[in-house]
Amino acid sequence: MSFLLRQADHVGARVFDFFAYVRTLFFMVYLSLRSGLLEQTQGMRQVVSVISAQIYFTGWQGLPLISILALATGGIAIIQSSTQLSLLGGSSMVGNILVLVIVREVGPLLTALMVIARSGTAVASELGTMRVNREIEALEIMGIQPLSYIVFPRLVGGVISVVCLSFYFNLVALLGGFFVSKALHGMQLSFYFESLANAFAVEDVWLFLVKSVFSGLIIFVLGCYQGMSVQHSSHEVPQVTARAVVHSIFAVTGFNLIVSLLSYLNQLVRLGII
Amino acid sequence: MERKRKIESLGFDRMSFGYEWRKELLHDITLQIPLGKAWHVEGPSGHGQTTFLRVLGGLSTPTSGAMLINGENVTEMSFDEFLPYRLDLGYTFQSGGLLSNRTLAENMALPLLYHKLCSPEEAEAKIRAYAERFGFLNMVDQRPAFVSAGLRKLVSVLRTLMFEPSFLVMDDPFSGFDQQTAQALVKYLREIWEDGFVKTMVFTTADNTYVSEFQASILRVENGKAYLEEKAAA
C-alpha cells in the first residue's frame, strides 16, 4: 500500500511540476510581450536589429535545408498519392490529398522540427552562454531589460521565420513535387493546379497559420527559457540545450496533434456525424 | 518618463543576503554609505566582498531587509521603477560582461543608444575619444573574442562610464591590465572623480597603491557584516 501511495505521490508531484512549468512559460511570454510592446519606450531600433538578426539566422539561413526537405517530401507524397489514386481511378483527388498531407500536416510539423534542430538548439545554447559570460547581467546593469532585448526579439523573429519557412516549405513541396510527378507520370500542370485549387479551403489557411505561429512560439519560448535557466557554469549549457530540444519536440508534436484532432472533430460535427 | 535620477543617499536597513549553498553570507547589515568619497571594500577572502558589491550595484536582491536609495526601498521596485536610479549607479565586473555578438564600439554605444541618452553621432564621437585616449582605436570594430582579455575588461569599464553614473561600484577594476593601461585608467578615473561626474566610488582591489590614489576610506566586509572605517586606507 505504501508503495502505491509513494507512486501516486510521485506522479502527483510530477503533474504539479508540469503545470508550474507551463505556468512559468506563459508568464515569460506575457512579461516579454509586455516589456517588448507596451513598456518599450526606448531602444526599439536596437530591438528591431535583434529581430532581423533572428529572422536572418532562422529564416534565411534555413532555406537550403528546408528546400531539400520540402522537395523530398513533396516528391514522395505526390508520387505515392498519384500512383495509388490512378490505380483507383481517382486522379482528380490528388489535390485534396496534397492539401491534407502537405499544407495541413507535414509542412508545419516538419518545418517546426527543422527549426528546433537548427534554431531551438542555437537559442538555448546562445542564451546559456550569455548567462555564463555575464552578458545578461551586463544588460541589467545597463538598464536594459533582458526580456525585451533578448527574449522578445527572439519570439517575434522566431514566429515570423517559422510562418515564412512553413509557407516556403508548402510552396516548394507542391511545386517541386509536381515536377517530380510530371517527370515520372507526365501529369499536366493545368490538371494539377485545378485539383489543388478545388481542394483548398479557408480552414486550411487557418490551420496552417495556427500551427505555424504557435509552433514557432513554443520552440522559441522553450529555447529562451531553458537558456536563461543556466545558473553558474558552462557545463549546464549542453544540458539545457538538450532539454530545450526534447521539450520542444514533445510540445510541438502534441500541439499539432491536438489541433488536427480538433479540426477533424469539427468536420465530423459539420457533417452531422457526431 | 524620467531617464536618470540622481542618487542623493544610499544605504541598507537590516539587509541580509545568501545563496542556496550559503544561506546568510551577509547578515542583518544596517549601513549608510556617505557619498562624495571613495570606499575600498576590504575583508578576508570568501567573506562576501563581491556579493556585497553585487547587492550594492543592484545585481542581487537582498533576501531580507531593504536597500534604500534617496529613502526609497528599491528592493521592492520593478525593473522599470528602478531604471532611473540604475542609470546613475554604475557597476563594473571583475571579468566578462561584453556582448560577444557585438563589436567593442557597439558594446560601448548600446546603453547610450538604447536609452536615447545621445544621438548615434555623439555616441560615436564619445567612443572615438575613449579609444584614442586608451589606444585601441584600430580595434573598436572587432568583436570581444578577437581582442585581449585586458582590452575586454577595459571596454567593459569604459562602457559603464559612458552613461556617467555618479555612484560607481567596481569589482577589482585594476587587475588584468598591463601597467600602462592600469595607470591610464587610474588617471582617467581620478580626472572624472575630481571633475565631480563620479561622486562616490566603491571598489575592491588587491593593490593598495590604487587605494591611496583615491585616498579611499575602508568599508570592511567580514563575518557577514559590513561597517565603515573612516580613516584612509594605507
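Residues numbered from 1 in each chain as written. Chains lettered and ligands numbered in written order. Predicted model: local features only at pLDDT ≥ 70, side-chain atom pairs only at ≥ 80, totals over all residues. Heavy atoms only, no water.

1. Brief notes about the overall build of chain B
Link 1 in the chain: Assigned secondary structure in chain B consists of seven helices and 10 strands.
Link 2 in the chain: Relative to a compact globule of 234 residues, whose C-alpha radius of gyration would be 17 Å, chain B shows 18 Å and is just as compact.
Link 3 in the chain: For chain B, the spread of C-alpha atoms along the three principal axes comes to 50 × 45 × 35 Å.
Link 4 in the chain: Residue burial in chain B is summarised as follows: out of 234 residues, 54% are buried.
Link 5 in the chain: Long-range contacts, defined here as pairs at least 24 residues apart, represent 68% of the contacts in chain B between residues at least 6 apart.
Link 6 in the chain: Counting every atom, chain B has about 10,200 Å² of accessible surface; 48% of that belongs to carbon and sulfur.
Link 7 in the chain: Computed over 25 positive and 30 negative side-chain charges, the inter-centroid distance for chain B is 2 Å. (Helix = DSSP H or I, 4+ residues; strand = E, 2+ residues; numbered from the N terminus. Rg over C-alpha atoms; globule rule 2.2 N^0.38 Å. Buried < 20%, exposed > 50% of the residue type's maximum accessible area, 1.4 Å probe, protein only. Contact = heavy atoms within 4.5 Å. Areas by Shrake-Rupley, 256 points an atom, 1.4 Å probe, with all protein chains shown as cover. Lys, Arg positive; Asp, Glu negative; His and termini not counted. Charge placed at Lys NZ, Arg CZ, Asp CG, Glu CD.)

2. Observations regarding a nonpolar patch on the surface
Link 1 in the chain: Where nonpolar side chains cluster on the molecular surface, the patch consists of Ile258, Leu261, Leu262, Tyr264, Leu265, Val269, Leu271, Ile273 and Ile274 of chain A and spans about 940 Å² of accessible area.
Link 2 in the chain: Here Ile258 of chain A lies in helix α9 (residues 236-270). (Patch = residues over 30% accessible without salt bridge, like charges linked within 9 Å, V, L, I, M, F, W, Y side chains within 5 Å. Salt bridge = Lys/Arg side-chain N within 4 Å of Asp/Glu carboxyl O.)

3. Quick notes on helix α1 (residues 49-56) of chain B
Residue and element names in this part refer to chain B.
Link 1 in the chain: With seven of eight residues buried, α1 is to be regarded as a mostly interior element.
Link 2 in the chain: The set of residues buried in α1 consists of Gln49, Thr51, Phe52, Leu53, Arg54, Val55 and Leu56.
Link 3 in the chain: Gly58 lies just past α1 and shows a positive phi near 80 degrees.

4. Here's the deal with the side chain of Ser119 of chain A
Residue and element names in this part refer to chain A.
Link 1 in the chain: As for its placement among the helices and strands, Ser119 is situated in helix α4 (residues 94-132).
Link 2 in the chain: What makes Ser119 buried here is its relative accessible area of 5%.
Link 3 in the chain: One polar contact links Ser119 to Thr58, side chain to side chain, over a distance of 3.1 Å.
Link 4 in the chain: Here Ser119 is in contact with Thr58 and Phe220, once residues within four sequence places are set aside. (Polar contact = N/O pair within 3.5 Å; in protein donor to acceptor, adjacent residues only side chain to side chain.)

5. Here's the deal with the pattern of salt bridges
Close approach of charged atoms lets side chains of opposite charge pair.
Residue and element names in this part refer to chain B.
Link 1 in the chain: For the structure shown, the criterion picks out 17 salt bridges over all chains.
Link 2 in the chain: A salt bridge links Arg190 to Glu194, with the shortest nitrogen-to-oxygen separation between them at 2.9 Å. Note that Arg190 and Glu194 are positioned in helix α6 (residues 179-195) at a spacing of four residues, about one turn of the helix.
Link 3 in the chain: With a relative accessible area of 28%, Arg190 lands in the partly exposed category.
Link 4 in the chain: We classify Glu194 as exposed; its relative accessible area is 54%.

6. Section: the interface of chain B and chain A
When the parts of a complex come together, some accessible area is lost, and that lost area is often taken as the interface size.
Link 1 in the chain: Taken residue by residue, the interface counts 29 residues in chain B and 28 residues in chain A.
Link 2 in the chain: Taken over both partners, the interface formed by chain B and chain A buries close to 2,400 Å², and the fraction arising from carbon and sulfur atoms is 54%.
Link 3 in the chain: The shortest N-O distance in the salt bridge between Glu137 of chain A and Arg54 of chain B comes to 2.5 Å.
Link 4 in the chain: For the pair chain B and chain A, the number of links is eight residue pairs in polar contact (both at pLDDT 80 or more).
Link 5 in the chain: Those elements giving two or more residues to the side of chain B that touches chain A turn out to be α2 (79-86) and α3 (104-114) of chain B.
Link 6 in the chain: Class assignment of the residues belonging to the side of chain B that touches chain A gives a composition of 15 nonpolar, seven polar and seven charged. (Buried area = accessible area lost by both parts, 1.4 Å probe. Nonpolar A, V, L, I, M, F, W, Y, C, P; charged D, E, K, R; others polar.)

7. Considering the sheet that holds strand β5 (residues 72-73) of chain B
All names here are of chain B.
Link 1 in the chain: Spatially, four strands are ordered β2-β1-β4-β5 in an open sheet, and the strand pairing comes out antiparallel. Single-partner strands in this sheet number two, and they are β2 (22-33) and β5.
Link 2 in the chain: Bridging between strand β1 (residues 10-19) and strand β4 (residues 64-69) involves five bridges; their strand directions are antiparallel. Its bridge partner being in β4, Leu10 is matched across the sheet by Ile69.
Link 3 in the chain: Sheet strands in contact with α1 are β1, β2 and β4, and its direction is about 125 degrees off that of β1. (Pairing = 2+ DSSP bridges. Axes fitted to C-alpha atoms, helices over the stretch in contact; angles between N-to-C directions.)

8. Brief notes about the packing of aromatic side chains
Link 1 in the chain: Counted under the stated rule, the structure contains 18 aromatic pairs over all chains.
Link 2 in the chain: Summarising the aromatic geometry, the rings of Phe174 of chain B and Phe214 of chain B are spaced 6.2 Å apart at their centres and angled 15 degrees between planes, so their arrangement reads as stacked. Residue Phe174 of chain B is found in the loop between β7 (167-171) and α6, and its partner Phe214 of chain B is found in the loop between α7 (208-213) and β9 (217-222); the two are separated by 40 residues along the sequence. An identical accessibility class is assigned to Phe174 of chain B and Phe214 of chain B; each is buried.
Link 3 in the chain: Chaining the aromatic ring pairs together yields one cluster made of Phe178, Phe179, Tyr192 and Phe193 of chain A.
Link 4 in the chain: The positively charged end of Arg5 of chain B is found above the aromatic ring belonging to Tyr85 of chain B, 4.8 Å away from the centroid. (Phe/Tyr/Trp six-rings, centres within 6.5 Å; stacked < 30°, edge-to-face > 60°. Lys NZ or Arg CZ within 6 Å of the ring centre and 35° of its normal.)

9. Description of the side chain of Glu236 of chain A
Residue and element names in this part refer to chain A.
Link 1 in the chain: On the secondary structure map, Glu236 appears in helix α9.
Link 2 in the chain: Of the side chains with opposite charge, Arg243 lies nearest to the buried Glu236, which makes no salt bridge, at 7.5 Å.
Link 3 in the chain: A distance of 2.9 Å separates the side chain of Glu236 from the backbone nitrogen of Gln231, its partner in a polar contact.
Link 4 in the chain: Setting aside chain neighbours within four positions, we find Glu236 in contact with Ser229, Val230 and Gln231.

10. Focus: the environment of Leu137 of chain B
Residue and element names in this part refer to chain B.
Link 1 in the chain: By the element assignment, Leu137 lies in the loop between α4 (120-134) and α5 (149-162).
Link 2 in the chain: Take Leu137: its relative accessible area is 28%, and that puts it in the partly exposed class.
Link 3 in the chain: Between the alpha carbons of Leu137 and Gln32 there is a distance of 41 Å; along the sequence they are 105 residues apart.
Link 4 in the chain: Once you skip the residues sitting within four places of it in the chain, Leu137 turns out to touch Arg128, Ala131 and Glu132.

11. Here's the deal with the packing of helix α2 (residues 44-60) of chain A against helix α6 (residues 146-185) of chain A
Residue and element names in this part refer to chain A.
Link 1 in the chain: Across the interface, α2 lies against α6 with an axial gap of 8 Å and an inter-helix angle of 40 degrees. For the element pair α2 / α6, the angle class is oblique. Of the two elements, α2 crosses α6, and the hand of that crossing is right-handed. Contact residues: Gln46, Val47, Val50, Ile51, Gln54, Ile55, Thr58 and Gly59 in α2; Ser148, Tyr149, Phe152, Pro153, Arg154, Val156, Gly157, Gly158, Ile160, Ser161 and Leu165 in α6.
Link 2 in the chain: Taken together, the residues of the contact of α2 with α6 break down into 10 nonpolar, eight polar and one charged. (Parallel < 35°, antiparallel > 145°, perpendicular 65-115°, else oblique. Left-handed = near helix turned anticlockwise from the far one by under 90°.)

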